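# Per-entry structural report
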Amino acid sequence: MNPESLLHPLLLPTQKLTLGCPILDRFLRGGLPCNSVTELVSESGCGKTQLSLQLLLSAQLSFSLAASSLYIHSEFPFPLRRLRQLSLSFPTLHNPLDQIFIRPVHSADQLFDLLLQLDVSLSNQIKTQLPIKLVVIDSIAALFRSEFDNTPSDLKRRSSLFFKISSKLKSLANRFGLVVVVTNQVVDFVGPDDGLNGLRVGNLGCLYSSGRRVCPALGLSWANCVNSRLFLSRDEEVLNEEKSLVDVSDDEYVQRRTRRQIRVIFAPHLPESSCEYVIAREGVFGIER
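So, how was this worked out
- Each chain has its residues counted from 1, following the order in which its sequence is written.
- The predicted nature of this model means local features are confined to residues of pLDDT at least 70 and side-chain atom pairs, given and counted, to a pLDDT of 80 or more, with totals for whole chains, interfaces and linings taken over all residues.
- No hydrogens and no water enter the side-chain calculation; it runs on all heavy atoms of the structure.
- Comment: axis = line fitted to C-alpha atoms, over the contacting stretch for helices; angle = value between 0 and 180 degrees taken between N-to-C directions.
- Each helix is a run of DSSP H or I of at least 4 residues and each strand a run of E of at least 2, with the numbering of both proceeding from the N terminus.
- Oblique is the label for any angle not covered by the other classes, which are roughly parallel (under 35 degrees), roughly antiparallel (over 145) and roughly perpendicular (65 to 115).
- By definition, turning the near helix anticlockwise from the far helix through less than a right angle yields a left-handed crossing, and turning it clockwise yields a right-handed one.
- Here a residue-residue contact requires only that any non-hydrogen atoms of the pair lie within 4.5 Å.
- Three classes are used, and their members are as follows: Ala, Val, Leu, Ile, Met, Phe, Trp, Tyr, Cys and Pro are nonpolar, Asp, Glu, Lys and Arg are charged, and the others, Gly among them, are polar.
- We define the nonpolar core as a collection of buried residues of types Ala, Val, Leu, Ile, Met, Phe, Trp, Tyr and Cys that are connected through side-chain atoms lying within 4.5 Å of one another.
- Categorising residues by exposure relies on relative accessible area from a 1.4 Å probe, with only protein chains included: less than 20% of the type maximum marks a residue as buried, more than 50% marks it as exposed, and the intermediate range marks it as partly exposed.
- Between N or O atoms, a polar contact is any pair within 3.5 Å; within protein, one atom must be a potential hydrogen donor and the other a potential acceptor, and residues adjacent in sequence are included only when both atoms are from side chains.
- Each Phe, Tyr or Trp ring (for Trp, its six-membered ring) is paired with any other whose centre lies within 6.5 Å, and the angle between the two planes then decides the class: stacked below 30 degrees, edge-to-face above 60, tilted in between.
- Ring-over charges, as used throughout, are those where CZ of Arg or NZ of Lys falls within 6 Å of the ring centre and within 35 degrees of the ring normal.
- Take a side-chain nitrogen of Lys or Arg and a carboxyl oxygen of Asp or Glu: if they are within 4 Å of each other, that pair is a salt bridge.
- Should DSSP find at least two bridges between two strands, the strands are taken to pair.
- Any two cysteine sulfur atoms lying within 2.5 Å of each other are counted as a disulfide.

Under an unreviewed UniProt entry, the name given to the protein chain is RecA family profile 1 domain-containing protein, and the organism recorded is Rhododendron simsii.

Here is the structure:
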């Protein structure tokens, strides 16, 4: 054994999950990595659920993971109609909804119990079936924000559950080569200009969406529970009449376009970068600039 042989496993390429769009895949250097927990954080209406649904379908592609998915949702109802609509954009897949397992959860404790059951199921997967390689939790914030009060005992219990759940997710990702995606919400932020409570988390000291300064929900404790964080934002811009219109709403005086961006806040394998995207009937697509 020598130093080079010890480093060799670290140099092996990591399998990645395509986002179903070449532009977004290039932005993320090939897609979302296996053996890792990736967080999508945004305010409502930015497309994190839309992108999550798209991942359920792209995971089945032969050049992606060629695998089934588990979608754990805490926000109701589940958008089945939209998933069926998106599936029409994947004509090479045969009965793609049959390879998507959907489970509702109503509390953080119920989520942890489900992850324990998942551990057993993954250990006993039948080889002839498409293995589960993608786990999506939409959303993690909904489970914690309504269940706990702002008291010392509840905050202590909440932090304990944070680490129990994140530890289990990372363990499952590493043992079974999973892509784990969790969605998170944002809250309005009022405080110092440099980061959260004076601490900068990731590439951007300040995050803005819809003209508001925001920060990811669940605070610094949860920020340490994920491997990568991607921030989705939206802003409206006024267009001149001669410009082409995308996602435009007209009123009597001005024409506006909703501009959406996805940014890398932190990730061990990605530099600071951003990519503009649109949400269409067929799915979520990046825009080259």
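On to the packing of helix H5 (residues 108-123) against helix H7 (residues 152-176). For any two helices packed against each other, the geometry comes down to the angle between their axes and how far apart the axes lie. At their nearest, the axes of H5 and H7 sit 10 Å apart, and the two run at 20 degrees to each other. The orientation of H5 relative to H7 falls into the category roughly parallel. The crossing of H5 and H7 is left-handed. Residues Ala 108, Asp 109, Leu 111, Phe 112, Leu 115, Leu 116, Leu 118, Asp 119, Leu 122 and Ser 123 of H5 form the contact with H7, whose own contacting residues are Arg 157, Leu 161, Lys 164, Ile 165, Lys 168, Leu 169, Leu 172, Arg 175 and Phe 176. By residue class, the composition of the contact of H5 with H7 is 12 nonpolar, 1 polar and 6 charged.

Further remarks concern the nonpolar core. Grouped together as the largest cluster of nonpolar side chains are 41 residues, with contacts concentrated most on Ile 72, Phe 144 and Ile 165. Listed by contribution, the elements that provide at least two residues to this core are strand E3 (36-42), strand E4 (68-73), H5, strand E6 (132-138), helix H6 (140-145), H7, strand E7 (179-184) and strand E13 (255-266). Excluding anything up to four places from it in sequence, Ile 72 contacts Arg 103, Val 105, Leu 111, Leu 114, Leu 115, Val 135, Val 136, Ile 137 and Asp 138. Residues Leu 53, Leu 57, Leu 230 and Val 284 belong to the second largest nonpolar core, which totals 40 residues.

What follows is about the side chain of Ser 52. Mapped onto the elements, Ser 52 comes out in helix H3 (residues 48-58). In this structure Ser 52 comes out as buried when scored by relative accessible area, which is 0%. Of note is the side chain of Ser 52, whose polar atom sits 2.8 Å from the backbone oxygen of Lys 48. Non-local contacts of Ser 52, meaning those with residues more than four positions away in its chain, are made with Leu 40, Tyr 71, Val 136 and Thr 183.

Let us now look at the packing of aromatic side chains. This model, assessed by the stated rule, comprises 3 aromatic pairs. Feature note: the residues Phe 144, Phe 162 and Trp 222 constitute an aromatic cluster, connected by ring pairs. The residue whose ring lies beneath Lys 164 is Phe 112, and the NZ or CZ to ring-centre distance is 4.4 Å.

Next up on the list: the pattern of salt bridges. Pairing between side chains of opposite charge can happen when the charged atoms of each approach one another. Tallying each qualifying case throughout the model produces 10 salt bridges. Among the salt bridges present, the one from Glu 39 reaches Arg 229, with a minimum N-O distance of 2.3 Å. Residue Glu 39 is located in strand E3, and its partner Arg 229 is located in strand E11 (residues 228-239); the two are separated by 190 residues in the primary sequence. Each of the two residues, Glu 39 as well as Arg 229, counts as buried. Put simply, Glu 276 and Arg 257 hold a salt bridge, and the shortest N to O gap is 3.0 Å.

Strand pairing in a sheet relies on backbone hydrogen bonds, with the paired strands running either antiparallel or parallel. The strand order E8-E10-E9 describes an open sheet built from 3 strands, whose pairing is antiparallel. Here the strands that pair on one side only, and so sit at the sheet edges, are strand E8 (186-188) and strand E9 (207-209). Strand-to-strand, the axes of this sheet are offset by a mean angle of 55 degrees, without reference to chain direction. Looking at chain direction, E8 and strand E10 (residues 212-216) are connected through 3 bridges and run antiparallel.

Turning to the state of the cysteines, a few remarks are in order. In the structure shown here, the tally under the stated rule is 0 disulfides. There is no disulfide at Cys 21, and the cysteine sulfur nearest it, in Cys 275, is 7.2 Å away.

Turning to the packing of H3 against helix H4 (residues 80-87), a few remarks are in order. Closest axis-to-axis distance for the H3/H4 pair is 10 Å, and the angle between their directions is 50 degrees. As the angle between them shows, H3 and H4 are arranged oblique. Both H3 and H4 take part in a crossing whose hand is right-handed. In this structure, H3 uses Gln 50, Leu 53, Gln 54, Leu 56 and Leu 57 to contact H4, whose residues at the interface are Arg 82, Leu 83, Leu 86 and Ser 87. Its residues placed into classes, the contact of H3 with H4 shows 5 nonpolar, 3 polar and 1 charged.

A word on the environment of Lys 168. Structurally, the position occupied by Lys 168 is in helix H7. Among residues more than four places away in sequence, those in contact with Lys 168 are Phe 112, Leu 115, Leu 116, Asp 119 and Arg 175. Among the polar contacts listed, one links the side chain of Lys 168 to the side chain of Asp 119, at a separation of 2.6 Å.

Turning our attention to the environment of Leu 55. With respect to the helices and strands, the residue Leu 55 is situated in helix H3. The spatial distance from the C-alpha of Leu 55 to the C-alpha of Gly 20 is 7.3 Å, given a sequence separation of 35 residues. Non-local contacts of Leu 55, meaning those with residues more than four positions away in its chain, are made with Leu 17, Thr 18, Leu 19, Leu 32, Leu 134 and Val 181.

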